[in-house]
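Coordinates in review
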Amino acid sequence: MSSTLTPVLDPYALAKELSGKHLIGGKLVPAASGKTFDVVNPAKGEVVGQAAYGEAADVDAAVRAAAEAQKAWKMVPARERGRLVAECGRALTEHKEELARLIALETGKALRTESRVEANVLSDAFTFFGGLGGELKGETVPFNPKMLTMTVREPVGIVGAIIPWNVPMMLMALKIAPALVAGNGVVVKSAEEAPFCVLRACQIMAQVLPPGILNILSGYGPECGAPLVSHPKVGKITFTGSVETGKIVSRTAADRLIPVTLELGGKSPMIVMGDADLDQAVAGAIAGMRFTRQGQSCTAASRIFVHSSIHDQFVQALKAKVDAMVMGDPLDEKTDIGTIVSPDQFKKVKAYIDHGVTEGGTAHSCSAMPELEGLTKGLFVQPVIFTGLTNASRLAREEIFGPVTCVIKFDDYEDVIAQANDTEFGLAATIWTRDLRTALDATQRLEAGFVQVNQNLVVQPNLSYGGVKSSGLGKEATLEAMLEHFTHKKTIIINMA
Ligand code: ADP
């Protein structure tokens, strides 16, 4: 079945159409209080719509709708649930251009380089998990020949999913697709900066799914996210966001004794050995640092350790490539780099840049500020490559979530492995070398959930994704993740004596 909604390519019109609404019980409804909050286009500083202001009453309505729908959903054969989830992927594909335009409008991510890419890969997660319904298998256990002993996989019940604004649709897909296939009801809390694209995506999916099995709320963390975590009918929380909020969510979940999956921050090292292919490494630094996403990525290669023999050459080549990137209106096809998502984030990024200079670093600002007509209030930040800072700098220790990277010189392999691991985070890491022994050794010693050699790919379905240390708890995006996080194992014994 394809979507019965007509794609709306004007993102301003779509933002207005979705204003003031949650999706509860398969319908777009206003907040119980009637309250809303402004959603702003960060490229122009203009209000583009008002999102429904979710609070405890809305959370309760959404959780109840999910619980009601889940009674029938868990009885639908698993492969049929999967078929419907895969169908969601197809419906989303029909709407990918409007979703891309909407996310560009509300987050400032450039349409051509980022927003379309996210909308394009969205359906992939639904297609992948949609095919896994038949894998929700149990086991038979050789316990006693007179007692048939087995395990079955049952849904956890109602899953609360809390998502951030940087790749909201993709991160939502990696949570809700497996949760739904496993037979759960779902309530999503979108990020305050990016409520409309995920609401629209869920509205499209609601054309395919039974009403109420997927609900979406907009609102702020303490007013809307917190009541979702503490709602007595929610049996599992899956969260992506900052370390601080992850800890708060985790504490509440601990009090309630419910499981949590946390995908948190990162400070991913990229090690460029002296024998690396320089062009390949420079291209990898641009992709890894997510310059086209203004560096707003948990896996951003924000600590680039470069061997002293090629350090200057590397910095020069990297700067030249970033200089050639075009900053501008996210909705303009010419634009490579859009804006920072919000004024708070903008101030934070600027403060880090100032701090790096105060610490004695050299800030190499890249790329030209855009022509300002119509964009004077835009949250544009020139990408900055810092040299002269050490791994002890705050810029190398804290997650900036902006287009700021530190290139740090090294001489000794043992020393650089120690520096790469000297961080509270452990999400991703890369090493660039032509030497197989060095590559293999580094993959074993780098403390991260995702280690790559000579490339810097992004998250993909079927590749386990998640961090160690403060970067998170639990992995996402695979069959095992679906089984571990969205089902529980029940043991059944049938006495045949
Ligand atoms: P970011 O810095 O990326 O905005 P946050 O961790 O603050 O990261 O936000 C990630 C998500 O967590 C957002 O949807 C936000 O609204 C939500 N959130 C923030 N505070 C809380 C909270 N106390 N309880 C539950 N969710 C929260």
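What counts, and at which threshold
- Residues numbered from 1 in each chain as written.
- Predicted model: local features only at pLDDT ≥ 70, side-chain atom pairs only at ≥ 80, totals over all residues.
- Heavy atoms only, no water.
- Helix = DSSP H or I, 4+ residues; strand = E, 2+ residues; numbered from the N terminus.
- Expected span 1.5 Å × (residues − 1).
- Buried < 20%, exposed > 50% of the residue type's maximum accessible area, 1.4 Å probe, protein only.
- Domains from an automatic or database assignment.
- Salt bridge = Lys/Arg side-chain N within 4 Å of Asp/Glu carboxyl O.
- Polar contact = N/O pair within 3.5 Å; in protein donor to acceptor, adjacent residues only side chain to side chain.
- Pairing = 2+ DSSP bridges.
- Axes fitted to C-alpha atoms, helices over the stretch in contact; angles between N-to-C directions.
- Contact = heavy atoms within 4.5 Å.
- Patch = residues over 30% accessible without salt bridge, like charges linked within 9 Å, V, L, I, M, F, W, Y side chains within 5 Å.
- Areas by Shrake-Rupley, 256 points an atom, 1.4 Å probe, with all protein chains shown as cover.
- Phe/Tyr/Trp six-rings, centres within 6.5 Å; stacked < 30°, edge-to-face > 60°.

**Things to note about helix α6 (residues 168-181)**
Spanning 14 residues, α6 covers 20 Å between terminal C-alpha atoms, matching the ideal 20 Å at 1.5 Å per step. For α6, a buried count of 14 out of 14 residues is recorded, marking the element as mostly surrounded by other parts of the structure. Two residues or fewer after α6 comes G183, characterised by a positive phi angle close to 100°.

**Overview of the domain arrangement of the protein**
Per the domain assignment, the segments making up the protein are domain 1 (11-265 + 471-492) and domain 2 (269-461). Inter-centroid distance (C-alpha atoms) of domain 1 to domain 2 is 30 Å. On the surface where domain 1 and domain 2 come into contact, there are four salt bridges. Of the charged contacts, one joins E114 and R293 as a salt bridge, the two residues approaching to 3.0 Å between their closest N and O atoms. At the surface where domain 1 touches domain 2, the tally comes to 15 residue pairs in polar contact (both at pLDDT 80 or more).

**Remarks on the sheet that holds strand β14 (residues 362-365)**
Strand order in this open sheet of seven strands is β14-β15-β16-β13-β12-β17-β18, and the pairing throughout is mixed. Either end of the sheet is taken by a strand with one partner, and the two such strands are β14 and β18 (450-453). Strand-to-strand, the axes of this sheet are offset by a mean angle of 20°, without reference to chain direction. Across three bridges, strand β15 (residues 384-387) lies against strand β16 (residues 404-410) in parallel orientation. Each bridged residue has a counterpart across the sheet, and for F386 the counterpart in β16 is C406. Helix-sheet contacts for helix α14 (residues 413-421) involve β12 (269-272), β13 (303-307), β16 and β17 (428-432), and the interaxial angle to β13 is about 180°.

**Quick notes on the sheet that holds strand β20 (residues 487-495)**
The strand order across the open sheet built from three strands is β5-β6-β20, with neighbouring strands paired in antiparallel fashion. Of all the strands in the sheet, just β5 (140-144) and β20 have a single pairing partner and so form its edges. Strand after strand, the sheet turns through a mean of 30° between neighbouring axes, direction not considered. Examined bridge by bridge, β5 and strand β6 (residues 147-155) share three bridges and lie antiparallel to one another. Counted as the bridge partner of N144 is M147 from β6. The sheet strands contacting helix α16 (residues 479-486) are β6 and β20, and the helix crosses β20 at an angle near 75°.

**Focus on a nonpolar patch on the surface**
On the surface, V141, F143 and I493 cluster together into a nonpolar patch covering about 280 Å² of accessible area. Mapping I493 onto the fold places it in strand β20.

**What about the packing of aromatic side chains?**
Summed over the entire model, instances satisfying the criterion amount to five aromatic pairs. Ring geometry for Y53 versus Y220: centroids 5.7 Å apart, planes at 50°, classification tilted. Here the residue Y53 occupies a position in the loop between β4 (46-52) and α2 (56-73), and Y220 occupies one in the loop between β9 (214-217) and α8 (221-230), the gap between them amounting to 167 residues.

**Some points on unusual backbone geometry**
Positioned with a positive phi, L257 is a non-glycine residue whose angle comes to about 55°. Looking at the secondary structure, you find L257 in the loop between α9 (243-256) and β11 (260-263). The class for L257 is exposed, based on a relative accessible area of 77%. One non-glycine residue, N462, adopts positive backbone phi at about 85°. Mapped onto the fold, N462 is located in the loop between β18 and β19 (472-473).

**Details of the pattern of salt bridges**
Tallied over the entire structure, the rule returns 28 salt bridges. Salt-bridge contacts for R394 lead to E398; the nearest nitrogen and oxygen are separated by 3.1 Å. By relative accessible area, R394 is classed as partly exposed at 37%. For E398, a relative accessible area of 29% corresponds to the partly exposed category. One network of salt bridges, in which partners are shared, links E80, R83, E87 and R90.

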